[in-house]
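Descriptive analysis of the structure
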Amino acid sequence: MDDHELNSPGYDIPEDMKNVVAITTLDRIYNWGRRSSVWPMMFGLACCAIEMIAAQAARYDMARFGMEVMRPTPRQSDLMLVSGTVTKKMVPAIVRLYNQMPEPKYVVAMGACASGGGPFKEGYNVVSGIDKFLPVDVYIPGCPPTPQALIAGLIKLQEKIDKQSIRQVRWYRKGPDSVEIPVPVLGPDLIDLRRKAEIKQIAAQVPSKEA
Amino acid sequence: MSTPMQTEAPRPAQNSPLDLAAKFPGAVRPDERPGYSGWIVEKDHLRAVATFLRDELGYDLLSSVTGVDYLPEGKMEVVYQVYKTTGGPGVFFKVQVPRVDPIEVPSVIDIWPGADFQEREIWDLYGIRFNGHPDLRRILTWEGFEGHPMRKDWQEAYYEEEAKPYKSRWPEGHHVSAEEKSLYKDNVRYPEKFDPEKWTPTDPEEALYASLKKYTSTDESGMETERIVVNMGPQHPSTHGVFRAVVVLDGETVVSLKPVMGYLHRNHEKIGERNTFLQNMPYTDRLDYFNSMSNNWGYSLAVEKLMGIQVAERAEYLRVIMAELTRIQNHLIWIGMMLNDLGTYFTPALYAFEERELILDIFEAASGSRMMCNYHRFGGVVRDVPPEAFEKLKGLVYDRLPAKIEEFERYLTENEILVARLKGIGYLSAEDAIAYSMTGPMLRASGVPYDIRRAEPYGIYDRFDFDVVTRPEGDMYARYLVRVEEMRQSLRILEQAIRDIPEGPVLSGKPAYQVRVPPGEAYGRIEAPKGELGFYVISTGKPNPWRYHVRAPSFINLTALEKMCVGNKIADFVAILGAVDIVLGELDR
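Values in this document were obtained by computation on a predicted structure and should not be read as measured data.

Considering the overall build of chain B
Summing up its helical and strand segments, chain B has 20 helices and 17 strands in all. Relative to the compact-globule value of 25 Å for 589 residues, chain B shows a C-alpha radius of gyration of 24 Å, a close match. Projecting the C-alpha coordinates of chain B onto the three principal axes gives extents of approximately 65 × 65 × 60 Å. Burial analysis of chain B (589 residues in total) assigns 53% to the buried set. Restricting to contacts in chain B with at least 6 residues of sequence separation, those with at least 24 account for 68%.

Right under this line is the structure:
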């Protein structure tokens, strides 16, 4: 960030103080810090995870964006890169991990599967995209997205962070700072607890096969 | 070429002098359906025949067990493929049972312990019970899942039609998203009159914990130790994806262990039976996503056997080149990840990924994609390697990679810490490795010189001069050394392939979206970097396979995980698991 960018308009800095003093808004400096140190969770689901590792490795080097610190624990991470097919068996664990992440937290759906089920959408054990359960900030198309595409998606996320303001973000307001998402349950099929009543209603209407 | 053309591996069990029907009159008859081979065994004699095959005839390696649902005939079939570790063609034998629940077949787990997970998988997906299996739980779905999804009359929530191309997509193309059409507006289906509020959850984990060995011990002083159960995964930095293991510990020592899988079960086989034959090719890429080139080969081998077509000469060489490059990058990554598991976090992996990128550049130039190459077609490959990429390839094979493998060895092979962590850890004897159906570098590190490229050569591997690398020790260090040496052997093959590759077309016949596959069965197996990768394909003459089964080395090699880990420390468990070289896309399919 050069001084031209950092200085917000409206404040004139005397010529002799330039490059010594910068005046900016709190939001800007705060977001600058946040966008430059997004720690992703070390969490790979499928094929896309390999491209995620490739993006971390020498040729693409995500460290240039301050994103090289992968944390295996959700408690220390800011970003959940959903890198691969979300299966019904796995989704309770993913939702639990998301709930354990502290705010501010972001979700990136990497690849076709995480965005909408992808080539495996019709599979009986596949969730049609992680956005059925988690709020997704950035979708990255591809199967798998190349490391360049992943980095482009993460730059988009940085742009999103730039636009946030401390006055509006939910984790600085009154009330619970984070929204717990009910962990889905594995029954005869995956049960989304938020849809209990709806499921009951539809199941009751289905005509019996024997009749 | 001076060597005779051989484009097809010898078909197993056909015209073989073996006559099981004479040995077991009334219990065994030859499988005479058109396009099929092998033997049909009466259920009650299965164990006797299996024991005879193993003990008298030496078919010691159970390659694959799988189920087939012949819905129109009202039959279920369990197919066994056995091979000799000394090489040569295998024997197929099948058990047919009426398709009326409960469907029961005797287990062969005490004859070939490698049947363990495979029988559980068949129970899970087909609902065939294996009498005598000590731990018959669901393996890919969860306990409590409704139905057995691979049965032909089981329909998924997004069911459209039996087979692709779906009318909604082609030729009219009025596609509506699957959510719109499905009952619950989501990919779920529940039993009739299902009420989630009154439904009482059964703990899917209960059976798992019950299956762990009860353990208490008392030492001389009368002090009692209790067991500690540690859950590792499915989110764990060392498990190479979404793998989970439940480990029982006594202090730091592993006393019992159960792998839990299915967290990436993406229903390859169910989708594969709806797809057309060619549509399955890109799906095979996503099995073992490190090695899409060799996955393609296994599948095209099986379908080419069924079709009875020749592979274009240049394409045969390109297939070898790509498969061996794949092997090198797989083993490089394995070394990097292995060291991750030992605690040298990510630095060795950076070295490995540097070389991998260079290999992926060649894949990208040839196929258009870095990882999901989708390169093979029935009868050849999709396109030729551009000349610039071929020059790059030469540079890699002759200069860069030999030096880099040298460098890896210089840093690692005699490294005191590495040797201390690997030597004598995770021991698996040759007998156990064979019994547990281990294949690939794992088997060879236990001293069994079994490599399908030699044991039953496919493609043109009979033309190349290379060594089957083995080590007698059967420990982790041996597994490391085998892989390093295999990379060198791959380079040897690559040098010969680059030298001998002829000019010419890369595809025999015309490119076609729809291929005509005569009815019958075929089992195509290749020596993938992780072990024996097999595709069992049944065609009924329609545009879609009736059965599409993947014999995944990652999955079956894990059968011996408990055997290798018990008695070792928990920290070594992570490394032992890493040494198996699993990849979840292939493990869970």
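Notes on the packing of helix 8 (residues 292–307) of chain B against helix 9 (residues 313–342) of chain B
All names here are of chain B. Contact geometry of helix 8 with helix 9 gives a least axis separation of 8 Å together with a crossing angle of 130°. Viewed along their axes, helix 8 and helix 9 adopt a mutual orientation that is oblique. When you trace helix 8 past helix 9, the crossing you get is left-handed. Residues Met 293, Ser 294 and Trp 297 of helix 8 pack against Arg 319, Met 322, Ala 323 and Thr 326 of helix 9.

What about the interface of chain B and chain A?
Interface extent is often summarised as the accessible area lost during association of the parts. Facing 53 residues of chain B, the contacting portion of chain A comprises 49 residues. Elements with a contribution of two residues or more to the side of chain B that touches chain A: helix 4 (178–181), helix 6 (268–274), helix 10 (347–367) and helix 20 (584–588) of chain B. The element best represented in the side of chain B that touches chain A is helix 10 of chain B, accounting for 4 residues. Here the residues of the side of chain B that touches chain A are counted per class, giving 29 nonpolar, 9 polar and 15 charged.

Quick word on the domain arrangement of chain A
Residues and elements named next belong to chain A. By the assigned domains, chain A splits into domain 1 (3–33) and domain 2 (36–185). For domain 1 versus domain 2, the distance between C-alpha centres works out to 32 Å. Listed as interface residues are 6 residues of domain 1 and, on the opposing side, 7 residues of domain 2. When its residues are assigned to classes, the side of domain 1 that touches domain 2 shows 3 nonpolar, 2 polar and 1 charged.

A word on the pairing of strand 17 (residues 545–551) of chain B
All names here are of chain B. Summarising burial for strand 17: 6 of the 7 residues are buried, a large majority. For strand 16 (residues 531–539) and strand 17, the ladder comprises 6 bridges, and the chain directions are antiparallel. Of the residues in strand 17, the one forming a bridge with Ser 539 is Pro 545. The turn joining strand 16 and strand 17, which pair antiparallel and follow one another in sequence, is formed by 5 residues; a positive phi near 90° is taken by Gly 541.

A closer look at unusual backbone geometry
All names here are of chain A. Residue Pro 104 is bonded to the preceding Glu 103 through a cis peptide linkage, with omega at -10°. The residue Pro 104 is located in the loop between helix 4 (91–100) and strand 2 (106–110) in this model. Going from Cys 143 to Pro 144, the amide bond is cis rather than trans, its omega being -10°. Among the secondary structure elements, Pro 144 is positioned in the loop between strand 3 (138–140) and helix 6 (147–162).

Notes on the sheet that holds strand 17 of chain B
Residues and elements named next belong to chain B. In space, the 3 strands of this open sheet follow the order 15-16-17, with antiparallel pairing throughout. Strand pairing shows two members of the sheet lacking a second neighbour, strand 15 (520–528) and strand 17, which therefore form its edges. On average, each strand axis in the sheet is inclined to that of its neighbour by 10°, with strand direction left out of account. This element, helix 8, spans strand 15 and strand 16 of the sheet and lies at about 150° to strand 15.

The rules behind each value
Residue positions are counted from 1 within each chain, in the order its sequence is given. Labels are handed out in written order, letters beginning with A for the chains and numbers beginning with 1 for the ligands. Owing to the predicted nature of the model, reporting of local features is limited to residues with pLDDT of at least 70; listing and counting of side-chain atom pairs is limited to 80 or more, with chain, interface and lining totals taken over all residues. Secondary structure follows DSSP: runs of H or I at least 4 residues long count as helices, runs of E at least 2 residues long count as strands, and numbering of each begins at the N terminus. In this treatment the radius of gyration is a C-alpha quantity, and the globule benchmark scales as 2.2 Å times the residue count to the 0.38 power. Each residue is classed by its C-beta neighbour count within 10 Å, where at least 20 other C-beta atoms makes it buried, 12 or fewer makes it exposed, and intermediate counts make it partly exposed; the C-beta atoms are placed from backbone geometry. In this description, a residue-residue contact is defined by the distance between C-beta atoms placed from the backbone, which must lie within 7 Å. The axes used here are C-alpha line fits, helices contributing only the stretch in contact, and every angle between their N-to-C directions lies in the interval 0 to 180 degrees. Between 65 and 115 degrees an angle is taken as roughly perpendicular, under 35 as roughly parallel, over 145 as roughly antiparallel, and anywhere else as oblique. Each crossing gets its hand from how the near helix is turned against the far one by less than a right angle, where anticlockwise is left-handed and clockwise is right-handed. By the convention adopted, Pro, Cys, Tyr, Trp, Phe, Met, Ile, Leu, Val and Ala count as nonpolar, Lys, Arg, Asp and Glu as charged, and the other residues, Gly among them, as polar. Domain delimitation follows an automatic or database domain assignment. When DSSP finds two or more bridges between a pair of strands, those strands are recorded as paired.

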